[in-house]
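# Notes for the structure review
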Amino acid sequence: MSARPRLRLHRAAALIAVAALALAGCSKGSATKDTSEGGVTTVRYLTFSAAPDHLEDLNGIVAAFEKANPDVKVSVQTAPYKDYFTQLQTSIAGGTVADAFELDYQNFVTYAQAGSLADLAGPSANDKAWQPSVLSPAALDAFKHGGKQYALPESFSTVVLIYNKALFDAAGVAYPTSDWKWSDEAAAAQKLTDKAKGVYGDFQPVSFYEFYKAVNQAGGTFLSPDGKSATFNSPQGVAAAKWLIGKSGTTMPTVTEIGNTPDFDTNLFKAGKLAMWHNGNWQFDTLKDVPFGWDVVVEPGDAQKASAVFQNAVAVSAASSHKDAAFRWLNFLTTSDQTVTARINSSWELPPLADASKLSGYLSKTPPSNRKAVMDALGKQSLLPVIAKEQQMQDIVNNALTKAAGGEDVQKTLDDAAKQVTALL
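Description of the structure in this document. Computed from a prediction, not measured in an experiment: that's the story for all the values here.

### Considering the overall build of the protein chain
Secondary structure assignment for the protein chain yields 18 helices and eleven strands. In terms of principal-axis extent, the alpha carbons of the protein chain reach across some 75 × 50 × 35 Å. Here the protein chain, with 425 residues, has 55% of them falling under the buried criterion. Taking as baseline every contact in the protein chain between residues at least 6 positions apart, the subset at least 24 positions apart corresponds to 78%. In the structure as shown, the protein chain presents an accessible area of about 17400 Å², 51% of it carried by carbon and sulfur atoms. Of the charged side chains in the protein chain, 38 are positive and 42 negative, and the gap between their average positions amounts to 1 Å.

Right under this line is the structure:
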């Protein structure tokens, strides 16, 4: 896959087991160094998403915040993603952690469970500018743990259905709509596939990241509500696996045909040989110069809509001596007009705002014409299942899907995988 947010999450998964062990040994009572001086409080903020491409944007947001809040100074610290969580773990263990820092959803769960994040109820109550209604309710809920708000949603990307209008027109097939279900997508894909011309109707990898979402789309759950057992071997899970597997070799290329070709799906779509493509809004800039019309819709569901949403959030350290000032900074960083403008102008990931009209500068850009689908997908998000042994779980599920795609009984492979995953919980 050629999707940056997905790759970020894959790398993060490999770190979770290490993170859980490192955090378990952290001293939760250690406080960060007091950095108040002359009536001005310095808030240290650690980020991975700003460097190297968006440091200038972040610096502009910092300057606007400090102008509006002369009693607070923000000291920005950066680390590349590949080193970020190792550095964060080390700083927590050593009592030198920044007052506020960035997390993706997957790692948020780990750090919240470890008690490394401050409950934001107190700091938010002390910030007169705090207006939770500005942020998407679904995004806010994603960063709650045990009913408490431990982080603020900062940015998001969503997976949508991207489609080639020229291929639809040539085949006389109506464009996808927000009402489409799997059956509609399958019927269109069959009509759009022309193997003799190397044209395929659909592309959606048979993988863990597509499967957990498809289980939700079928009306099922990946794990039980108490998180103690795997439930993806339900009839809905079987339907989800068959939905993905059934595309390979019929309306999309086989794994053998794809091989190890980098960006196979991106290049196939850009060449005008792919009618429908399950991918994210991070692809929009890469497609702006293709010589054919294209647009997007929210991915079809079966029993319901369920979209993959990749989210970053910002949190206050439980050990910070400046929780109120740190929250004030994070509130500004996630909801201010300066942030919204900077993100839209620089194609930095979108802020998850409740009022889509505030993103008019983004929504009015073309192509695609239906950028609103990105916001609509946020409201139908399917949260990634996260456990302590995340990578092992993903490997088990991917192995089961590979066996099923190779012809083994789908129910049996999912039953075996569910037993293995349940043993990890």
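### Focus: the packing of aromatic side chains
Following the criterion strictly, the structure yields 27 aromatic pairs and no others. A ring pair is formed by F85 and Y111, whose centres lie 6.1 Å apart and whose planes are at 45°; its orientation type is tilted. Of the two residues, F85 is situated in helix α3 (residues 81-94) and Y111 in helix α4 (residues 105-113); the sequence distance between them amounts to 26 residues. Residues F85 and Y111 agree in their burial class; the two are buried. Every member of this aromatic cluster is reached through a ring pair, and the members are F208, Y209, F211, Y212, F222 and F232. Of note, R343 hangs over the ring of W348, and the distance from its end group to the ring centre comes to 4.1 Å. The ring of Y362 has R371 sitting right over it, with the charged end atom 4.7 Å from the ring centre.

### Details of the pattern of salt bridges
Summed over the entire model, instances satisfying the criterion amount to ten salt bridges. Residues K412 and D416 are paired through a salt bridge, measuring 2.9 Å at the closest nitrogen-oxygen approach. Within this pair, K412 and its partner D416 are both found in helix α18 (residues 410-424), separated by four residues, close to a single helical turn. K412 gets classed as exposed once you look at its relative accessible area, which sits at 53%. Relative accessible area serves as the criterion here: at 31%, D416 is assigned to the partly exposed category. Each of E185, D202 and K247 takes part in one network of salt bridges that share partners.

Here is what the cut-offs are and how they apply
Residues numbered from 1 in each chain as written. Predicted model: local features only at pLDDT ≥ 70, side-chain atom pairs only at ≥ 80, totals over all residues. Heavy atoms only, no water. Helix = DSSP H or I, 4+ residues; strand = E, 2+ residues; numbered from the N terminus. Buried < 20%, exposed > 50% of the residue type's maximum accessible area, 1.4 Å probe, protein only. Contact = heavy atoms within 4.5 Å. Areas by Shrake-Rupley, 256 points an atom, 1.4 Å probe, with all protein chains shown as cover. Lys, Arg positive; Asp, Glu negative; His and termini not counted. Charge placed at Lys NZ, Arg CZ, Asp CG, Glu CD. Phe/Tyr/Trp six-rings, centres within 6.5 Å; stacked < 30°, edge-to-face > 60°. Lys NZ or Arg CZ within 6 Å of the ring centre and 35° of its normal. Salt bridge = Lys/Arg side-chain N within 4 Å of Asp/Glu carboxyl O.

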